[in-house]
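# Structural features, examined
Listed here are the chains, written in short residue letters.
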Amino acid sequence: MIICRCEEVTYKQLTETAEKYKCASRELKLRTRAGMGYCGGRTCRTMVDNIAHSFNGNERDCAQLTLKYQPPIRPISFGDLGDVKK
Amino acid sequence: MSKVIIIGAGPAGLSAAITIAENGLEVLVLDEYMIAGGRLLGQLYEEPNGNWWNGIKESKQLYEKALDLGVKIQLHTAVSNLEKIDSSWVIYTATETYYTSHLLLATGATEAPLPIPGWTLPGVMSVGAAQVMTNVHRVKPGNRGVIIGVNVLSSAIAMELQLAGVQVACITLPKMSLVTKESGNPMNVMNSLLHVSHMAPSAFVKFGSKLMKIEFMKKMGITFFPKNGVKMWDIPIMLRKAVIEIYGDNEVEGVTMATISPTGEVIPGTEEKVQADFVCIAGGLYPLAELAAVAGCPFYHIEELGGYVPLHNERMETALEGLYVAGNITGIEGAKVAASQGVAAGLSIVHNNGTSNQEQNIKKAIQDIEHTRDNAFIQFHPAVKEGKQKLQHYWEEHLNTVKDMVGN
């Protein structure tokens with residue numbers, strides 16, 4: 001079962017990695033690439049967070065424990081980003 | 001530079017824009033969608049007094065009122081980044097950069113996914129997508145669908161689909177996994193549904209709701225919950241069956257369902273196939289707070305509010321100067337609460353800008369939010385008020401920390 005569509009990371013890969021390393025969601029992301037695709041993790045981030053929290057036993061309290069949000073938070077073309085005049 | 005900027009043209013953003021414009025300030029509203037209204041657009045339901053709440057009509061009224069007051073509304077404009085440079089907020093879109101000293105984030109909510117084997121097939125969509133297709137774009141998502149995830153949002157949308165002549169085969173649970181722990185557990189779901197028993201039109205939600213408040217009765221209730229579900233608006237709601245797979249060669253052809261135990265374990269040998277040409281996934285809503293996160297707002301996870309919410313006070317001010325929030329970004333609630341929060345945020349901006357003293361009006365607006373919340377027809381979480389209290393507590397803690405730092 002696919003969890004991260006962009007990087008084609010499966011539920012099995014994520015749970016096995018999370019179980020082995022008992023890591024925070026950020027580390028889980030870096031180890032599997034889940035959430036690092038072109039959608040910027042907009043589809044799978046809650047699932048990656050949930051899987052990590054199920055194994056690392058951390059209280060979900062502060063923002064530090066979840067995946068970060070990085071700009072650009074919406075897709076933007078290279079042309080627009082580089083301010084290329086048409 | 002004197003212009004106030006609002007991100008999000010839903011009930012919160014538009015109500016704030018109207019309030020601010022009425023007080024003589026210039027306002028620009030940005031929204032990534034092509035129609036103003038946000039999630040309000042999809043809503044269509046009958047209220048207990050017999051009136052129909054038509055989201056498209058409500059959105060149009062707000063939109064036109066804002067335009068009449070001179071509010072500039074720019075649709076189809078996604079904000080990709082946000083930062084503070086000196087004392088102004090800098091807002092980046094694909095082609096333009098905007099500056100303001102008062103920025104309101106009214107970005108609303110988004111849907112959480114529930115992964116199920118086969119959920120990447122064409123024809124699988126979020127329940128909100130089916131709602132927008134049907135109510136806003138007037139396109140049927142299919143002829144016969146299965147909705148996975150039993151909650152307030154999915155049952156409301158099931159009814160809307162049915163009104164549009166789309167058959168809903170059933171509303172059922174997802175197979176339990178680490179990601180669907182809550183939405184796949186029959187006891188949990190039963191518990192959360194009992195709190196919506198006041199939204200009366202369905203026999204299902206009325207179904208012995210008083211008795212069910214007793215723990216033992218709940219267990220009995222879920223154990224004896226009919227395997228084929230209880231019908232609501234003629235749609236079977238199943239709490240003792242779960243979808244274990246969505247199947248189809250190149251697109252959705254149906255789902256495989258199985259009977260589950262009261263704690264959500266699949267009972268082997270009970271698998272059956274249900275034909276459908278589309279599947280809706282209803283994982284519930286959570287605050288869409290990406291921009292608040294990029295801006296550097298502190299966050300707290302408050303279950304009752306639907307997830308991580310940016311720290312803010314009753315006046316809708318965040319911990320960052322000149323940054324305000326209103327609507328579902330502050331917790332999942334109905335459109336009327338969002339609108340009343342928009343008014344409060346708008347007044348705070350007018351006041352803080354030094355345009356006019358709004359102290360009395362802000363107090364009244366805060367009371368209005370409470371009042372609207374108490375009278376809300378749909379409650380997404382039964383303990384929203386407790387969630388708000390937790391947040392208030394975190395805010396006071398924050399103020400004390402700031403004081404300590406200044407004191408040292």
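The shown structure was predicted, so the numbers you read here are calculated from the model rather than taken from an experiment. (Residues numbered from 1 in each chain as written. Chains lettered and ligands numbered in written order. Predicted model: local features only at pLDDT ≥ 70, side-chain atom pairs only at ≥ 80, totals over all residues. Heavy atoms only, no water.)

### Structural notes on the environment of Phe55 of chain A
Condition: The numbering of helices and of strands both runs from the N terminus, where a helix is a DSSP run of H or I of at least 4 residues and a strand a run of E of at least 2. Every residue pair with non-hydrogen atoms within 4.5 Å of one another is taken to be in contact.
As for its position among the elements, Phe55 of chain A is in helix H3 (residues 45–56). Spatially, the C-alpha atom of Phe55 of chain A lies 5.8 Å from that of Glu19 of chain A, the residues being 36 residues apart in sequence. Setting aside anything within four residues of it in sequence, one finds Phe55 of chain A in contact with Thr15, Ala18, Glu19 and Lys22 of chain A together with Leu178 of chain B.

### Some words on the interface of chain B and chain A
The condition is simple: The term salt bridge refers to a pairing of a side-chain nitrogen on Lys or Arg with a carboxyl oxygen on Asp or Glu at a separation within 4 Å. Here a polar contact is taken to be a pair of N or O atoms separated by no more than 3.5 Å, where protein atoms must pair a possible hydrogen donor with a possible acceptor and residues adjacent in sequence count only if both atoms sit in side chains.
Facing 30 residues of chain B, the contacting portion of chain A comprises 28 residues. Our count for the chain B to chain A interface comes out at 2 salt bridges. In this structure, Arg74 of chain A engages Glu290 of chain B in a salt bridge whose closest nitrogen and oxygen atoms are separated by 2.8 Å. Inspection of the region where chain B meets chain A yields 7 residue pairs in polar contact (both at pLDDT 80 or more).

### Some words on the pattern of salt bridges
All names here are of chain B. Heads up, the condition is: Only protein chains enter the calculation, and the probe is 1.4 Å; a residue is then buried if its accessible area is under 20% of its type maximum, exposed if over 50%, and partly exposed in between.
One pass over the full model with this rule turns up 19 salt bridges over all chains. Here Glu111 and Arg39 are joined by a salt bridge, their closest N and O atoms 3.7 Å apart. Residue Glu111 is located in strand E10 (residues 109–111), and its partner Arg39 is located in the loop between strand E2 (27–30) and strand E3 (44–46); the two are separated by 72 residues in the primary sequence. On the basis of relative accessibility, which here comes to 13%, the residue Glu111 falls in the buried class. The shortest N-O distance in the salt bridge between Glu317 and Arg315 comes to 4.0 Å. Connected through shared salt-bridge partners, Glu333, Glu370, Arg373, Asp374, Lys385 and Lys388 make up one network.

### Remarks on the sheet that holds strand E1 (residues 4–7) of chain B
Residues and elements named next belong to chain B. Here is the rule we go by: In this analysis, strands are considered paired if DSSP registers two or more bridges between them. Here the axes come from fitting lines to C-alpha atoms, over the contacting stretch only for helices, and the angles between their N-to-C directions go from 0 to 180 degrees.
The 5 strands are arranged E5-E2-E1-E9-E22 in an open sheet whose pairing can be described as parallel. Each edge of the open sheet is held by one strand with a lone partner, namely strand E5 (72–74) and strand E22 (323–325). Neighbour to neighbour, the strand axes of the sheet diverge by 20 degrees on average, direction disregarded. In terms of strand pairing, E2 meets E5 through 3 bridges, oriented parallel. Each residue of the ladder has a partner; that of Leu30, found in E5, is Gln74. Strands in contact with helix H1 (residues 11–22) are E1, E2, E5 and strand E9 (103–105); relative to E1, the strand with the most contacts, it is inclined by about 165 degrees. Its contacts with the sheet place helix H9 (residues 335–352) against E1, E9 and E22, and it is angled at close to 160 degrees to E22.

### As for a negative patch on the surface
Residues and elements named next belong to chain B. Filter applied, for reference: Here the term patch refers to residues with relative accessible area over 30% and no salt bridge, with like charges joined within 9 Å and nonpolar side chains (Val, Leu, Ile, Met, Phe, Trp, Tyr) within 5 Å. Only the protein chains shown count as cover for residues, with accessible areas throughout obtained via the Shrake-Rupley method and a probe of 1.4 Å. Counted as positive: Lys and Arg. Counted as negative: Asp and Glu, with His and the chain ends omitted from the count. Where a charge lies is defined by one atom per residue type, namely NZ (Lys), CZ (Arg), CG (Asp) and CD (Glu).
Together, Asp249, Glu251, Glu253 and Asp277 give the surface a local cluster of negative charge. The residue Asp249 is located in the loop between strand E15 (235–247) and strand E16 (254–259) in this model. Residue class for Asp249 comes out exposed when judged on its relative accessible area of 67%.

### Re helix H10 (residues 359–374) of chain B
Residues and elements named next belong to chain B. What counts here: Multiplying 1.5 Å by the residue count of a helix minus one yields the expected span of that helix. Think of the arc as the fan of directions from the helix axis to the C-beta atoms.
Along its 16 residues, H10 runs 23 Å from first to last C-alpha, staying within 8% of the 22 Å computed at 1.5 Å per residue. For H10, the set of buried residues is Ile362, Ala365, Ile366, Ile369, Thr372 and Arg373. Viewed end-on, H10 has its buried residues packed into an arc of 125 degrees, placing them on one side of the element. Exposed and oriented more than 90 degrees from the buried face of H10 are Gln360, Gln367 and His371.

### Points about the packing of helix H3 (residues 127–136) of chain B against helix H4 (residues 152–163) of chain B
Residue and element names in this part refer to chain B. Quick note on the threshold: Working rule for angles: under 35 degrees goes down as roughly parallel, over 145 as roughly antiparallel, 65 to 115 as roughly perpendicular, anything else as oblique. Helix crossings are classified by the rotation of the near helix relative to the far one: an anticlockwise turn of less than a right angle makes the crossing left-handed, while a clockwise turn makes it right-handed.
Direction vectors running N to C along H3 and H4 enclose 30 degrees, while the axes themselves pass 10 Å from each other. One element, H3, and the other, H4, form an angle in the roughly parallel class. You can see that H3 and H4 cross each other, and the crossing is left-handed. Seen from H3, the contacting residues are Val127, Gly128, Ala130, Gln131, Thr134 and Asn135; seen from H4, they are Leu153, Ser154, Ile157, Glu160 and Leu161.

### Quick word on the domain arrangement of chain B
All names here are of chain B. Applied cut-off: These domain boundaries are the output of an automatic or database domain assignment. Note on definitions: buried area is the accessible-area loss of two parts on being combined, 1.4 Å probe, summed for both.
As far as domains go, chain B holds domain 1 (4–110 + 286–407) and domain 2 (113–283). Computed over C-alpha atoms only, the centres of domain 1 and domain 2 are separated by 31 Å. The interface is formed by 18 residues belonging to domain 1 together with 17 residues belonging to domain 2. Note on domain 1 versus domain 2: buried area summed over both sides is about 1,400 Å², and carbon and sulfur give 68% of it. Summed over the three residues of domain 1 that lose the most area to domain 2, namely Gly42, Leu44 and Phe377, the buried surface amounts to 28% of that side. Connecting domain 1 to domain 2 are 0 salt bridges.

### Describing unusual backbone geometry
Here Pro71 of chain A and Pro72 of chain A are connected by a cis peptide whose omega angle stands at -5 degrees. Mapping Pro72 of chain A onto the fold places it in the loop between H3 and helix H4 (78–81). Of note, Asp86 of chain B is a non-glycine position whose phi angle comes to about 55 degrees, a positive value. Residue Asp86 of chain B is classed as exposed on the basis of its relative accessible area, which comes to 75%. Unlike most non-glycine residues, Arg138 of chain B shows phi in positive territory, near 60 degrees. Its relative accessible area of 66% is what places Arg138 of chain B among the exposed residues.

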